[in-house]
Amino acid sequence: MQNNHIDGISPTAFVKFQKMQFLGLDGNKLLGEIWAFIGNLSQLFYLEMAENMLEGNIPPRIGKWQKLQYLGLW
């Protein structure tokens with residue numbers, strides 16, 4: 001879903017994807033706080049959310065992910 005000018009995603013859309021390993025949402029128009037539920041997706045090895053208008057704190061659970069190899073939030 002990268003570079004698609006998405007401007008609204010319901011965080012609840014991802015709740016069922018606990019085994020997701022790759023999530024690329026960069027280059028969209030996402031606004032507001034980084035969703036807290038992202039911390040529950042502990043199977044991710046790649047998380048890219050750069051080039052949006054996100055703000056706030058990084059969910060602390062992300063720091064405990066054992067499989068994470070790439071994190072892009074700039």
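> So what about the environment of Glu48? Which residues, and what values?
Tracing the backbone through its elements, the reader meets Glu48 in strand S3 (residues 46–48). Taking the C-alpha atoms as reference points, Glu48 and Phe22, 26 residues apart in sequence, are found 8.6 Å from one another. Excluding residues that lie within four positions of it along the chain, Glu48 makes contacts with Gln2, Leu23, Gly24, Leu25, Asp26, Tyr70, Gly72, Leu73 and Trp74.

> Describe the nonpolar core, with residues and values.
Where a protein is soluble and globular, its nonpolar side chains tend to be buried together. Leu23, Trp35, Ile38 and Leu47 are the most contacted members of the largest nonpolar core, which has 16 residues in total. If we ignore the near neighbours within four places in the chain, the residues touching Leu23 are Phe14, Ile38, Leu41, Leu44, Tyr46, Leu47 and Glu48.

> How would you summarise the packing of aromatic side chains if you had to cite specific residues and measurements?
One pass over the full model with this rule turns up three aromatic pairs. Taking 4.3 Å as the distance between ring centres and 5 degrees as the angle between the ring planes, the aromatic pair formed by Phe22 and Tyr46 counts as stacked. Of this pair, Phe22 sits in strand S1 (residues 22–24) while Tyr46 sits in strand S3; the two residues are 24 residues apart in sequence, bridging distant segments of the chain. Of the residues examined, Phe22 reaches a relative accessible area of 44% and is grouped as partly exposed. Taking relative accessible area as the criterion, Tyr46 reaches 18% and is therefore assigned buried. One aromatic cluster in this structure is built from Phe22, Tyr46 and Tyr70.

So, how was this worked out
- Residues numbered from 1 in each chain as written.
- Predicted model: local features only at pLDDT ≥ 70, side-chain atom pairs only at ≥ 80, totals over all residues.
- Heavy atoms only, no water.
- Helix = DSSP H or I, 4+ residues; strand = E, 2+ residues; numbered from the N terminus.
- Contact = heavy atoms within 4.5 Å.
- Core = buried A, V, L, I, M, F, W, Y, C linked by side-chain atoms within 4.5 Å.
- Buried < 20%, exposed > 50% of the residue type's maximum accessible area, 1.4 Å probe, protein only.
- Phe/Tyr/Trp six-rings, centres within 6.5 Å; stacked < 30°, edge-to-face > 60°.

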